[in-house]
Amino acid sequence: MNTTPAPRIAIIGAGPGGLTCARILQRHGITATVHDRDAGPAARDQGGTLDLHADNGQIALREAGLLDEFFRLARPEGQEMRQLDPAGTMLFHHVPDQDERFKPEIDRGLLRDLLLDSLQPGTVRWGHTLRAVTGPAEGPRQLHFTDGTTVEADLVIGADGAWSTVRRAVSPATPRYTGVSFLEAWFHDVETRHPDIAELVGQGGAAAADGERGLFAQRNGGDHIRVYIIQRVPADWITAGGLTPEATDDIRALLLERYRDWSPRLRRLIADNDGPYVDRPIFALPVPHVWEHNPTVTLLGDAAHLMPPLGVGVNLALLDACELALALARHDTVDEAIHAYEQTMLPRSTETARLLDGAAEGLLSTELPDFAAAALG
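Residues numbered from 1 in each chain as written. Predicted model: local features only at pLDDT ≥ 70, side-chain atom pairs only at ≥ 80, totals over all residues. Heavy atoms only, no water.

Description of the packing of helix H8 (residues 248–258) against helix H9 (residues 264–271)
Any two packed helices are characterised by the angle at which their axes cross and by the distance between the axes.
Here is step 1 of the chain: Two elements in contact, H8 and H9, have axes separated by 10 Å at closest approach and are oriented at 155 degrees. Taken together, H8 and H9 sit at an angle that is classed as roughly antiparallel. Of the two possible hands of crossing, H8 and H9 adopt the one that is right-handed. Contacts from Arg-252, Leu-255 and Leu-256 of H8 reach H9 at Arg-267, Ile-270 and Ala-271.
Here is step 2 of the chain: Split into classes, the residues belonging to the contact of H8 with H9 amount to four nonpolar, no polar and two charged. (Axes fitted to C-alpha atoms, helices over the stretch in contact; angles between N-to-C directions. Helix = DSSP H or I, 4+ residues; strand = E, 2+ residues; numbered from the N terminus. Parallel < 35°, antiparallel > 145°, perpendicular 65-115°, else oblique. Left-handed = near helix turned anticlockwise from the far one by under 90°. Contact = heavy atoms within 4.5 Å. Nonpolar A, V, L, I, M, F, W, Y, C, P; charged D, E, K, R; others polar.)

Next comes the structure, spelled out in structure tokens:
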């Protein structure tokens, strides 16, 4: 009889990657606790829509036993894609087949709720903001939270995103600004209040670019459309211009001037939004991002390989989570499991990151359909 105590596993971050890892571990009888800085599951907006691919994200959901439920919630019509030029002329239009399920869309909040509801009660500990990871490399590790509590763990899994605190325990790397910034705009009740924009965007996404500027509009669930205004600008372009992020009217006037040569129809994606803009400068980790093996700490998702937002981030996070959980279920020790996981994850993430290195610039390309095909396979 195996009398070795079960490892104490702490997952930092209740995003899709961290929750998927916990779910698959639980399906294999392994206990894990997820710590998240949010006060609760409804503490903030979870972001826009995600496309989960058949060759990575959907594999993870199958291992989690949630694939059928995912398809029930997903929007296969969201795979529609339109490419326009700045004059508003359609250059490219993909309409998905009725049974096409390679990368259906799902709102991030719905995916998170699906994963949360699948976990055993008490798995997620809310309001736990990690301050530091201490302790010897061979373990055990101490997790210090900003509320003054300390938790001891035999394995710490960093699923805590771009600005990961766990990453500091294994790597000095920090994300760098790519030179491209997204400004997010929302449109609500679009079929009633913005029917022209609803028709322009269709059921999926619509993009346009001129080499210096771009627009990407994406249909979300609940009759919403989210637009990303893409520019090659300094990261502090708003404050450097003497504005604040809350100065919606002034930012709108500046954008309309910058996009003055674009068609009036496309300019409505900039000017008719409901509520303020949200500034999202795009950061990425150095390529390659690798670290010396550590027997008590590892990373997944953006904490391990932050890349430009081209539809691969959440899919790689889910695949990372799946492979790490299965490695822990199949190997005798945590150290062996981490070795096996990282031997696959690190080369894959390096290869993908190299393919997408500089890809944020490609979002401004007038050849976006060709670029997207090359980048996303």
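Now that the structure has been shown, we can carry on.
Quick word on empty space enclosed by the protein
Here is step 1 of the chain: Following the criterion strictly, the structure yields two cavities of 30 Å³ or more and no others.
Here is step 2 of the chain: Computed from the structure, the largest cavity encloses a volume of approximately 70 Å³.
Here is step 3 of the chain: Every residue along the wall of the largest cavity is listed here: Leu-285, Pro-286, Val-287, His-289, Ala-304, His-305, Leu-306, Met-307, Ser-349, Thr-350 and Ala-353.
Here is step 4 of the chain: Here the lining of the largest cavity takes three residues from helix H12 (residues 334–356), the largest share from any one element.
Here is step 5 of the chain: Of the residues in the lining of the largest cavity, the class split is seven nonpolar, four polar and no charged.
Here is step 6 of the chain: Estimates place the volume of the second largest cavity at around 40 Å³. (1 Å grid on protein atoms, 1.4 Å probe; cavity = no way out; pocket = protein on both sides within 12 Å on 5 of 7 lines; lining within 4 Å. Points joined across faces, edges and corners; volume = space filled by probe spheres on them.)

As for the environment of Gly-17
Here is step 1 of the chain: By the secondary structure assignment, Gly-17 is in helix H1 (residues 16–27).
Here is step 2 of the chain: As for Gly-17 and Ala-159, which are separated by 142 residues in sequence, their C-alpha atoms are 6.3 Å apart.
Here is step 3 of the chain: Every residue in contact with Gly-17, bar those within four places of it in the chain, is listed here: Leu-300, Ala-317, Leu-318 and Ala-321.

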